[in-house]
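Spelled out from the first residue to the last, the chains are:
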Amino acid sequence: MTTAPPHIPAPPPGPGVQPPFPAPPVEGKGKRLGWGLGIGAGVLVLVCGGGVAALIGLGTSVQGALDEQAHVAVDDYLDALKAKLYDDAYDQLCGQAKRAESASEFRTRIEGEQRITDWQLGTFNMNTLTVPVDATYEDGQREQLEASLDQNTSTGAFEVCELGE
């Protein structure tokens, strides 16, 4: 017969015997679980809500920046035409427009047209890369035009391709 070493407790005798260690508490377990899930859901809402707000802010910021760049390109082009700086205006045209028309052909065509003396620019359309232009000519006549833009592949700057109806 072997005896168990003194540091190992003997197995409990039959049913109804108290275990040598206390049972884990059961009361309050649902409350702790509820608090844990609630806090986790709150953190998730804050993180996701912050991400959505950041994306909306970024989109608004990008739209504003592109609108401003498009307005600068169209304003500079119209300023050059108004000042009769035809070479400067031609330099601001996109590559496609320059391939379709030489600088001398551009000058001849523009000199034959009525000059725009004042204009108001509308909101840049990112889908069609156009800016509406409410133009006033030398004789006072007003017309709704549309400036078609393209981006320079090396600089990323907007360039005017066409100004027409």
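For the structure, check the block above.
Residues numbered from 1 in each chain as written. Predicted model: local features only at pLDDT ≥ 70, side-chain atom pairs only at ≥ 80, totals over all residues. Heavy atoms only, no water.

*Asks:* How do you make sense of the overall build of the protein when you look at a structure like this?
*Replies:* Helices and strands together make up the secondary structure of the protein, namely four helices and four strands. Walking the protein from its N terminus toward its C terminus, one meets helices and strands in the order α-α-α-α-β-β-β-β. Looking at the protein as a whole, 22% of its 165 residues are labelled buried. A separation threshold of at least 6 residues defines the contact pool for the protein, and within that pool the share at least 24 residues apart is 40%. If you sum the accessible surface of the protein, you get close to 11,700 Å²; carbon and sulfur atoms cover 60% of it. (Helix = DSSP H or I, 4+ residues; strand = E, 2+ residues; numbered from the N terminus. Buried < 20%, exposed > 50% of the residue type's maximum accessible area, 1.4 Å probe, protein only. Contact = heavy atoms within 4.5 Å. Areas by Shrake-Rupley, 256 points an atom, 1.4 Å probe, with all protein chains shown as cover.)

*Asks:* Sorry if this is basic, but what is going on with the state of the cysteines here?
*Replies:* Each disulfide is one covalent bond, formed between the sulfur atoms of two cysteines. On inspection of all chains with the given rule, the structure shows one disulfide. The side chain of Cys94 participates in a disulfide bridge whose partner is Cys161; the two sulfur atoms lie 2.1 Å from each other. Every disulfide takes its handedness from the sign of the S-S torsion; for Cys94 and Cys161 that torsion is 130°, giving right-handed. Taken as a pair, Cys94 in the loop between helix H2 (86-91) and helix H3 (95-100) and Cys161 in strand S4 (residues 158-164) lie far apart in primary sequence, 67 residues in all. (Disulfide = S-S within 2.5 Å.)

*Asks:* Help me understand the nonpolar core, please; the structure alone is not making it clear to me.
*Replies:* Formed by 29 residues in total, the largest nonpolar core has its most connected members in Val74, Tyr77, Leu78, Leu81, Phe106, Val133 and Leu149. Residue assignment for this core shows that the elements contributing at least two residues are helix H1 (29-82), H2, helix H4 (103-112), strand S1 (116-121), strand S2 (130-137), strand S3 (142-151) and S4. With seven residues, H1 is the largest single contributor of residues to this core. Look past the residues within four positions of Val74 in its chain and what remains in contact with it is Leu121, Val131, Val133, Ala147, Leu149 and Val160. (Core = buried A, V, L, I, M, F, W, Y, C linked by side-chain atoms within 4.5 Å.)

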